[in-house]
Number of protein chains: 4
Amino acid sequence: MSGGKPAAEQRPGIAVVGAGYWGPNLVRNLMASPDWDLRWLCDLDTDRAARVAAPYSSVRVTGSLDDVLADPAVTAVAIATPARTHRDVALTALRAGRHVLVEKPLAATHAEGAELVAEADERGLVLMCDHTYCYTPAVTAIRDMIHSGMLGEVHFVDSVRINLGLIQPDVDVLWDLAPHDLSILDYILPETVKPVAVAATGADPLGTGRTCVAYLTLRLSSGAIAHGHVNWLSPTKVRTTIVGGSKRTLVWDDLNPAQRISVFDRGVDLARPEELGDDQRRAALVSYRLGDMVAPALGEREALSVAVEEFARAVRTGTPAATDGRAGLRVLRILEAASRSLAENGALVAVNDDALEGK
Amino acid sequence: MSGGKPAAEQRPGIAVVGAGYWGPNLVRNLMASPDWDLRWLCDLDTDRAARVAAPYSSVRVTGSLDDVLADPAVTAVAIATPARTHRDVALTALRAGRHVLVEKPLAATHAEGAELVAEADERGLVLMCDHTYCYTPAVTAIRDMIHSGMLGEVHFVDSVRINLGLIQPDVDVLWDLAPHDLSILDYILPETVKPVAVAATGADPLGTGRTCVAYLTLRLSSGAIAHGHVNWLSPTKVRTTIVGGSKRTLVWDDLNPAQRISVFDRGVDLARPEELGDDQRRAALVSYRLGDMVAPALGEREALSVAVEEFARAVRTGTPAATDGRAGLRVLRILEAASRSLAENGALVAVNDDALEGK
Amino acid sequence: MSGGKPAAEQRPGIAVVGAGYWGPNLVRNLMASPDWDLRWLCDLDTDRAARVAAPYSSVRVTGSLDDVLADPAVTAVAIATPARTHRDVALTALRAGRHVLVEKPLAATHAEGAELVAEADERGLVLMCDHTYCYTPAVTAIRDMIHSGMLGEVHFVDSVRINLGLIQPDVDVLWDLAPHDLSILDYILPETVKPVAVAATGADPLGTGRTCVAYLTLRLSSGAIAHGHVNWLSPTKVRTTIVGGSKRTLVWDDLNPAQRISVFDRGVDLARPEELGDDQRRAALVSYRLGDMVAPALGEREALSVAVEEFARAVRTGTPAATDGRAGLRVLRILEAASRSLAENGALVAVNDDALEGK
Amino acid sequence: MSGGKPAAEQRPGIAVVGAGYWGPNLVRNLMASPDWDLRWLCDLDTDRAARVAAPYSSVRVTGSLDDVLADPAVTAVAIATPARTHRDVALTALRAGRHVLVEKPLAATHAEGAELVAEADERGLVLMCDHTYCYTPAVTAIRDMIHSGMLGEVHFVDSVRINLGLIQPDVDVLWDLAPHDLSILDYILPETVKPVAVAATGADPLGTGRTCVAYLTLRLSSGAIAHGHVNWLSPTKVRTTIVGGSKRTLVWDDLNPAQRISVFDRGVDLARPEELGDDQRRAALVSYRLGDMVAPALGEREALSVAVEEFARAVRTGTPAATDGRAGLRVLRILEAASRSLAENGALVAVNDDALEGK
């Protein structure tokens, strides 16, 4: 136990449900956190849970959620089970008066997600969706640059997330990969800029029964455009996002640890064509700014440890987490609209406001 | 004069019209060609034409197309004037019985382009569109790999052509940059694979009055998808095309002269899910091939010198050039459909077959 | 326990000494190995050892090497303690009749390393040095390409290993980083090609009291040259090795997981100048081959798991490991010669053959 | 003729000698310059000279240097002939009272170069060496950063200039490529930092009779080290220089036009070990600064046009050019010392000060 960490009994108790792919990361980060007392790891496969919990003598293992919820010291539950079970597990925990952190996506459908948000609201509990990318130093820095006005008004966002990816048995490439881009977009954009419509096209060239290559276009209320390319069939891995602003433009290359973010003070200044004579027009229409490029130093903290800290802050203060249930709901609404567009040959589908979603 | 080059009087005479941006390249390549006898450079700005022609004492300069066409030794005309003048200049030359090479795009509209194709057909003259990229070693190699079956069936084509670009006074980013991608696509795909519909979305975030960022999706008759991102507002320059095939997938990075083309023998082999038991499903659905990657050695020949040779071949043999007027027309038809889609919020617009276009 | 893994009592017993930086990796790989029965983790800091061993109930923890050596089921010891202790720990284990695997460098000095080799020889025990890089798929592939003749004769090897590195309290940059390059070189070169002399230059521009930037040149018996640049002060990280051969040249970029090895069938063919007339000379002296480049698919296996398997093979068969004590000794001899050269302003220092070292 | 360019008779007259590889670039830049009136192009191969001069009606062609020097309007001569002829051509021009610009290297030997410097001194004429790289925006920016103190004290310079290069009939790789790095080093370092000794090693693995791979180490008077790797046998092209400073470190990648210079505010701060207790030592010895990286915007001006302007400035003001004859001489002195070291197995060879060389 590190010097500054309070004794276990002074920290709120928490349980992790799910010991599969993501659960062990939650366990590790909760154990290292000064904010939480990890008391339980729950998984139907108790052998697996036991192996994951072995290094941590204070963590009990169970196959039953009831055991967890029977422990009055448990004030919160972190859920890392398959998406189709999120609704039931989270609802049970909320109804037992526990705060909930859910792995993304919030739920399998918008309707299920809405149930969770309503339940948490009613009971005054914290519901947080673990949009982990939002807690990386890179995304935090991008959000800061947009919110501080450093980039100016956002003109376009272009995101490419392609790789040779496992073809998932239950979801298409849109539901597998686009939640990352959509949750990031939701997080970095100013509150006043909202998606108003979405169009999606895609293909299933292997005949797998689900879309393996997809393109997503979002119309934003500001007139800006956001576009994403998600692809399971690319032999090269690309994870690049460009955020074009009126003052600066930013390129985030998540696969370049030495220079993840490049901010270009470089862009076009526009002369108003109507103010120009005919022969001036071509030359004067646009002038280029060629300023320096800055790659800001980014911290190296693990995103999940920041997320776990944010969950503690939300529980302690009773205020929403940065990526709360509503954020998870907004992502689900766009995914469902995108799926509709995909089924309708790329037709533009409106993304209506929803009282429940906020923002 | 190099050893093997026939005497001027044994080579067909040609004239270049237009001494602006592209004309001097035509002049230089025609002078170096063993196939042509460049006799005239014609431009309204005769001073500029004179400067361009100065190193070549055998090239006469004129401001009048009539002078050119009055020379019976001129059998062909290469046109590098602004697009809006292509129809008039080319039609005049064709009607005077001359073969014509036109800089891309073939004409300002599909209708104008169709006039040229019909005129050339009627007179049995060669009409070639200078889709220069098609004559680069890279694109030639890609076409060969597709046509030889090395890539297998084409599943998807993804093209990104973005840069900090001059905002053009008369055309939007689609008409400025997408002709490159569309002419390449037209050239590399097998004849049996045809575009059937196109959707385009875009934005004009600077309020310039024309689209500066655009995304283009083509549905192909084979079920494959082709997508292009063209953008004048990107501070980083990207010119990358991925061609995903059933056997191999290829990445063409035109900005990496040391490794323009990478061919990945890497991809997914699909098991039929219906043949599998429930618990086999997830694991067995897909298996990965991880083969070598090969970057083929490409020649270094200038594309335009190959184009000029191809024009000579077409004239000599009376057979269509690889990028003939019909190819130029097919590109125009897609551009017009894309513009319509752009105006209709990205609705899918059919690209009908056209008897005139062939293919 | 995986299906094919023999029961613990059928596998030779092993102990790990040292639970610091490298020890936990040894523990993890030995536990996952079907070849070994890991029985002990020994470290003076028994708390640390206990934490490392916690997930593995079968591993006992002790602070005393005596406990380990008193266990007759222990047939081998893997040592991951600081270099200055290697001699004592390894000698104790060898004298107790145990096979020994030592983390690199084999020992703090060539003399100490020689003691270990002699002791192991005398007792017929396996002494292996964990030159981990030699067990990576990349280095294995390079060795295969050289030994199969695919590269032809090796002309030059150029290695750059630079980074913003921790300035070590006890060793200079040469002893910290060059062992990697030297052990790789020792492993990949044919047995007939031996280092004959070494020169080293360096600088300590920060006044730390130890060399932070160093350059190393090795003269090989074949006339080839090998050069290394090791540097703790570079803000960019580079780990690139070029192996120039008479048939092909290879570039290994260890920081590019997507393309670690590129093999260029590209090079110079030399005409004999004495066979040429004067005016032919300049043009004909050299002709370039511009062939394809191939990036071979490499497996993804963790190097240490291969090393642990190789140690088992050596123990089982009684034959030397690929990186045996003699390999460790050869690296130490070059390091000591390089240090001497560094102290003598870069003078060339002979690297004599040594009966003990073999090769 | 551009608006601001003075009439030919108001500009000093100049002649270019040599119409081979570099001459045409001189012709083009002198014609575009507002500072010079290019009057002659002189080459023994008058046909070649005529072709080069054709676009410029005002330039006379001759095969005889006498014609040039007989023209009283010619005040300066720019020499782009082979290095072995530099001494004779330049000496003739200087003795005829003309200012001289010589392509690098200044002469074939230090002794010949010294003759030129002495002759120019005696006659009060400008002798400039065309170290073109020094006039690139990148090198100018690096010099500014060093001279302004932005980088702090220079700790090390590491330069790699490797490629598949033409094996030269008369010079080795050191004399072919290292002049670039040496002239750059001479230009960017503060006047107080001088080379004091040089060591060079190399190899001729193809048996061409000349060194094809070479490594060069320079000891500087400040205690810093400069190292260069020049290589004709590398299948990949690298042109990268790292300048490590006490405040910032800079990486110049000349093959990355989008980001040629990266300045890292990242480095090590050193605690004095003698001030630390034993247990503090390891941890506290060094702390890292992880600041931003800045890639400064660089202009796009052609280096040779800046060199031609600098030559005019030197002639007009009677002050030495930034890369004057003395700079050319300093480069020759190091090259000769390096050749001596190469012949002596890499022994450190002193580079003595020389009154003639200045600096």
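Because the structure is predicted, anything quoted here is derived from the model rather than measured.

On to the packing of aromatic side chains, then. Residue and element names in this part refer to chain D. One pass over the full model with this rule turns up 16 aromatic pairs over all chains. With a centroid separation of 6.1 Å and an interplanar angle of 75°, the aromatic rings of Tyr 133 and Trp 252 are classed as edge-to-face. Placement of the pair is Tyr 133 in the loop between strand S6 (127-130) and helix H6 (137-147) and Trp 252 in strand S12 (residues 249-253), with a sequence separation of 119 residues. For Tyr 133, a relative accessible area of 14% corresponds to the buried category. What makes Trp 252 buried here is its relative accessible area of 3%. Against the face of Tyr 133 rests Arg 161, its NZ or CZ located 4.8 Å from the ring centre.

Time to look at the relation of the copies chain A and chain B. Note on the identical chains: chain A maps onto chain B by a rotation of 180° and an axial translation of 0.0 Å, with an RMSD of 0.0 Å. The relationship between the two copies is best expressed as a two-fold rotation axis. Minimal C-alpha distance to the rotation axis in chain A is attained by Ala347(A), lying at 2.9 Å. Both copies share a contact surface, since 100% of the interface residues of chain A are interface residues in chain B too.

Looking now at the environment of Asp253(C). All names here are of chain C. Structurally, Asp 253 is set in strand S12 (residues 249-253). A relative accessible area of 26% places Asp 253 in the partly exposed class. Residues Asp 253 and Thr 317, 64 residues apart in the sequence, show an inter-C-alpha distance of 35 Å. Residues within four places of Asp 253 in sequence aside, it is in contact with Arg 239, Thr 240, Gln 259 and Arg 260. Among the polar contacts made by the side chain of Asp 253, one reaches the main-chain amide nitrogen of Leu 255 at a distance of 3.0 Å.

Turning next to the confidence of the model for chain A. All names here are of chain A. For chain A, per-residue confidence averages 90 on the pLDDT scale, and residues scoring 70 or more make up 91% of the total. Counted against residues more than four places away or in other chains, residues 276-284, with its pLDDT under 50, gives 10 contacts. Across the interface, the model reports ipTM at 0.87; the global pTM reads 0.89.

Quick look at the interface of chain A and chain B now. The partner chain B presents 49 residues to the 49 residues of chain A that form the contact. The contact between chain A and chain B buries some 4,400 Å² in all, and 67% of this surface belongs to carbon and sulfur atoms. Here chain A and chain B share zero salt bridges between them. If you tally residues by element for the side of chain A that touches chain B, the top one is strand S7 (residues 154-164) of chain A, at six residues. Partitioning the side of chain A that touches chain B into residue classes produces 24 nonpolar, 18 polar and seven charged.

Calculation notes
Residues numbered from 1 in each chain as written. Chains lettered and ligands numbered in written order. Predicted model: local features only at pLDDT ≥ 70, side-chain atom pairs only at ≥ 80, totals over all residues. Heavy atoms only, no water. Phe/Tyr/Trp six-rings, centres within 6.5 Å; stacked < 30°, edge-to-face > 60°. Helix = DSSP H or I, 4+ residues; strand = E, 2+ residues; numbered from the N terminus. Buried < 20%, exposed > 50% of the residue type's maximum accessible area, 1.4 Å probe, protein only. Lys NZ or Arg CZ within 6 Å of the ring centre and 35° of its normal. Least-squares fit on C-alpha atoms with pLDDT ≥ 70 in both. Contact = heavy atoms within 4.5 Å. Polar contact = N/O pair within 3.5 Å; in protein donor to acceptor, adjacent residues only side chain to side chain. pLDDT = per-residue confidence, 0-100. Buried area = accessible area lost by both parts, 1.4 Å probe. Salt bridge = Lys/Arg side-chain N within 4 Å of Asp/Glu carboxyl O. Nonpolar A, V, L, I, M, F, W, Y, C, P; charged D, E, K, R; others polar.

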